[in-house]
Amino acid sequence: MKLNQPYILSTLIAVVFPFFGGTSQEVPQADKAYVKEIKKLSSQKQIQNAFAVLDEIDGQTTADLITLTEIEAPPFKETKRAIAFQAMLDKAGIDKSWIDEVGNVIGLKKGTEGNRVVVLDAHLDTVFPEGTDVSVKQKGDTLYAPGIGDDTRGLSMLLAIAKAMKRAEIKPKADIWFVGSVGEEGLGDLRGVKHLFHEGAPKIDSWVAIDGGSAGRVNNAGLGSTRYKAVFKGKGGHSWGAFGLANPHHALGYAITHFTKEAKKYTDEGPKTSFNIGRIGGGTSVNSIPFESWMEVDMRSIDASRLVVLDSIFNASMKAAVAEYNQTGIDNKIELELIKIGDRPSGELPETNPLVQRAIAATAFFGEKPRLTRGSTNGNIPIALGIPAVTLGRGGKGGGAHSLGEWWMNTDGTKAIKMALLITMAEAGLGK
């Protein structure tokens, strides 16, 4: 899919604004002008009324969270949750909604000027496959269910903000898109947000996402990743009768040895770069020579150029391993197929970026310590394109993300919602 600006920007951003740690070591400070801007905006009657509404409807926000959590949304099968979320957005009082070609839900809050588009995003999908028990169980003040935090809480926050803006009669200057995006997790490879930035798509000026983490998280840097499925193919046969025939599993073992040895030499030095073989499969029975063996590999780096190098090391290692194995005197040969299954660009916005500054100022305004972080989120795409984007924490307390024991507790949960509203309105502008 072609994007409307070249991904090469991610490399330029990484070079101009190097960021070699997972998080900023010092508490970032907002310029006085942005502190003043946030304080003034927060004192406006409409904003104060919206804050009051968010406190008033907090129970309904939790009810919305439970409703959406109990609708399965496995990778590539988010439709049922998307339809429900769209209906809830309409009821919340946005001006118009639609579901696009790839399944993203978009709710429009029209601006008084409408010459810019500010996105407020949370992703629809979870990591859990069909058939997972997603019923919400409550123990004391804690809610338990797969996906209840990541990122269903974000969706419920979008609904709360839409309701508060409607009841407080907030009119933004810029158009605001409330987006429930598809394909953020795993092999979804950010397909939802990539579609929104494809060549010829309507121009998006700013992106505010809500995803993992506590209130105070300001993710301004994208952690790039490249993923492959390496498939080793042979004829297959009986373990005794066809003994000596090329074995894809054996070739895969050679490949793992080659790659981990060469990749470790590279990742041991320089800006943090990682690799992981996360899944392996193939074969039909213990007494059969498999006709196919495969593995899925994830590579990440904070530096786009290093990810390119590691990609080359991976490809070279796979080919060298198969060539070496095929020369061991086995009968027949192993064929290799490399399938790219993930490509998330890296990049970073400087601390001085206006959206980042507004997020820092708003976080401090609510008494939280802002933390600049790097992560693999929907924000990777706009950041790599040089478009202002931050990912905010969903607040409250939670844990067990991507596990069946995932939990979330509504500890001062409206604070994160108010923070997201304030940052979005600072970016969109308050109309009259």
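So, here is what we can say about the structure in this document. This structure is a prediction, so every number in the text was calculated from the model and none was measured. (Residues numbered from 1 in each chain as written. Predicted model: local features only at pLDDT ≥ 70, side-chain atom pairs only at ≥ 80, totals over all residues. Heavy atoms only, no water.)

Below, the discussion takes up the sheet that holds strand β5 (residues 142-144). Pairing between sheet strands relies on hydrogen bonds along the backbone, with the strands arranged either parallel or antiparallel. Judged by pairing direction, the sheet is antiparallel, and its four strands sit side by side in the order β4-β5-β19-β18 without closing on themselves. The sheet terminates laterally at β4 (137-139) and β18 (397-399), the two strands that pair on one side only. Going from strand to strand, the sheet's axes swing by 20° on average, the running direction of each strand aside. Inspection of the sheet shows β18 paired to strand β19 (residues 407-409) by three bridges, in the antiparallel sense. Pairing of K397 across the sheet is with M409, part of β19. (Pairing = 2+ DSSP bridges. Helix = DSSP H or I, 4+ residues; strand = E, 2+ residues; numbered from the N terminus. Axes fitted to C-alpha atoms, helices over the stretch in contact; angles between N-to-C directions.)

The next subject is the packing of aromatic side chains. If you walk through the whole model with that rule in mind, you get eight aromatic pairs. A ring pair is formed by Y254 and Y325, whose centres lie 5.3 Å apart and whose planes are at 65°; its orientation type is edge-to-face. Highlighted residues: Y254 in helix α8 (residues 248-267) and Y325 in helix α9 (residues 304-326), separated in sequence by 71 residues. When its relative accessible area of 30% is taken as the criterion, Y254 is described as partly exposed. Judged by relative accessible area, Y325 falls into the buried class, the value being 4%. One aromatic cluster in this structure is built from Y228, F259, F275 and F314. We note K139 situated over the ring of Y144; from NZ or CZ to the ring centre the distance is 5.3 Å. Looking at R306, its charged tip hangs above the ring of Y266, at a distance of 4.2 Å from the centre. (Phe/Tyr/Trp six-rings, centres within 6.5 Å; stacked < 30°, edge-to-face > 60°. Buried < 20%, exposed > 50% of the residue type's maximum accessible area, 1.4 Å probe, protein only. Lys NZ or Arg CZ within 6 Å of the ring centre and 35° of its normal.)

Rolled over the atoms, a probe as big as a water molecule pinpoints where empty space is left. Within this structure, the stated rule accounts for two cavities of 30 Å³ or more. A volume near 40 Å³ is recorded for the largest cavity. Counted by class, the lining of the largest cavity contains six nonpolar, three polar and three charged residues. (1 Å grid on protein atoms, 1.4 Å probe; cavity = no way out; pocket = protein on both sides within 12 Å on 5 of 7 lines; lining within 4 Å. Points joined across faces, edges and corners; volume = space filled by probe spheres on them. Nonpolar A, V, L, I, M, F, W, Y, C, P; charged D, E, K, R; others polar.)

Attention now moves to helix α3 (residues 45-56). Helix length check: α3, at 12 residues, gives a terminal C-alpha distance of 16 Å against a target of 16 Å (1.5 Å per residue), a fit within 8%. Taken together, the buried positions of α3 are occupied by I47, A50, F51, V53 and L54. With its buried residues spanning 160° around the axis, α3 presents them on a single face. For α3, the exposed residues set more than 90 degrees away from the buried face come down to K45 and E56. (Expected span 1.5 Å × (residues − 1). Arc of directions from axis to C-beta.)

Our focus in this paragraph is unusual backbone geometry. Residue D150 is joined to D151 through a cis peptide bond whose omega torsion reads 0°. Inspection of the secondary structure puts D151 in the loop between β5 and α6 (152-167). For F76, which is not glycine, the phi torsion reads 70° and is therefore positive. Considering the arrangement of structural elements, one finds F76 in the loop between α4 (58-69) and α5 (79-92). In this structure F76 comes out as partly exposed when scored by relative accessible area, which is 48%.

Functional significance is not addressed by these values, which are geometric in nature.
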